[in-house]
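# Coordinate inspection notes
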Amino acid sequence: GQKDALLFVTTSKDRIRAIQGAPGVGKSFMLNAAKNFYEEQDYRVMALAPSNKAVLNLKETAGFEDAATIHSYLIKLQKEAGTWTTGRDPLDLRLTDLEGLTPGVHKEIWFVDEASLIDNYTMNRLLEAARLKNVEVIPIGDINQLQPVGQGKPFTNMLREDMLKYVEVKEIL
């Protein structure tokens, strides 16, 4: 399953493609091989997650030195776009303005772990940023896991409605 997921992620031409799998199937571990592949192809590789604990897991299990929470990365991108205003609530994504972002010099890919925990506002802002920067996005998660605290369940809906291509990893290791 990990091999199939790695092949899917590294050969698909879709800008957004996902990995679905239950806990214990080795999704995070497989990401290390994907990260190495993309770094060898001169991509800038970023790992994102909705919580600090998930970011720490990406650093320890998958070897991502460049990992951050989605919210902190969206703040960084707003600063890059010149639209961040000091003193505003960083968790209120309704105020997120990403206009002004432009594609970087290098090809870029974002691995987004624990995607089933991401609500509509966060997923919309993240995908908007990826579109503006021309970044490939790989959401990774488990549709049977806990759902977001905020409104909506975009990862689950996108997979169940076949809105994006994905691979499923089933074998628990």
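Preceding block: the structure.
Summarised in this report is the structure supplied together with it. These figures come from a predicted structure and were not determined experimentally.

Grouped together as the largest cluster of nonpolar side chains are 29 residues, with contacts concentrated most on Leu 48, Leu 77, Trp 110 and Val 112. Aside from chain neighbours lying at most four places away, what touches Leu 77 is Leu 98, Leu 101, Trp 110, Ala 129 and Lys 133. In terms of nonpolar packing, the next biggest core, distinct from the first, is built from 25 residues, Tyr 38, Val 45, Leu 58 and Phe 64 among them.

Here strand β6 (residues 166-169) shows a buried face lined by Val 167 and Val 169 and an unburied face lined by Tyr 166 and Glu 168. Of the strand pairs in this sheet, strand β1 (residues 18-21) and β6 are connected by four bridges, and their pairing is parallel. Residue pairing for β6: Ile 19 is matched across the bridge by Val 167.

Where charged atoms from two side chains of opposite charge come close, those side chains can pair. Per the counting criterion, the structure on display carries six salt bridges. The partner of Glu 80 in a salt bridge is Lys 133, with the nearest N and O atoms 2.8 Å apart. With Glu 80 in helix α4 (residues 70-81) and Lys 133 in helix α5 (residues 120-133), the pair connects residues that are 53 residues apart, well separated along the chain. Taking relative accessible area as the criterion, Glu 80 reaches 41% and is therefore assigned partly exposed. A cluster of three or more residues bridged by salt bridges with shared partners is formed by Arg 44, Asp 66 and Glu 108.

Attention now goes to unusual backbone geometry. Phi at Asp 42 takes a positive value of approximately 65 degrees, unusual for a residue other than glycine. Mapping Asp 42 onto the fold places it in the loop between α2 (27-40) and β2 (44-49). When its relative accessible area of 55% is taken as the criterion, Asp 42 is described as exposed. Although it is not a glycine, Asp 162 sits at a positive phi angle of roughly 50 degrees. Its place among the elements puts Asp 162 in the loop between α6 (154-160) and β6. Judged by relative accessible area, Asp 162 falls into the exposed class, the value being 61%.

Analysis parameters
Residues numbered from 1 in each chain as written. Predicted model: local features only at pLDDT ≥ 70, side-chain atom pairs only at ≥ 80, totals over all residues. Heavy atoms only, no water. Core = buried A, V, L, I, M, F, W, Y, C linked by side-chain atoms within 4.5 Å. Buried < 20%, exposed > 50% of the residue type's maximum accessible area, 1.4 Å probe, protein only. Contact = heavy atoms within 4.5 Å. Helix = DSSP H or I, 4+ residues; strand = E, 2+ residues; numbered from the N terminus. Pairing = 2+ DSSP bridges. Salt bridge = Lys/Arg side-chain N within 4 Å of Asp/Glu carboxyl O.

Coordinates in, geometry out; function isn't part of it.
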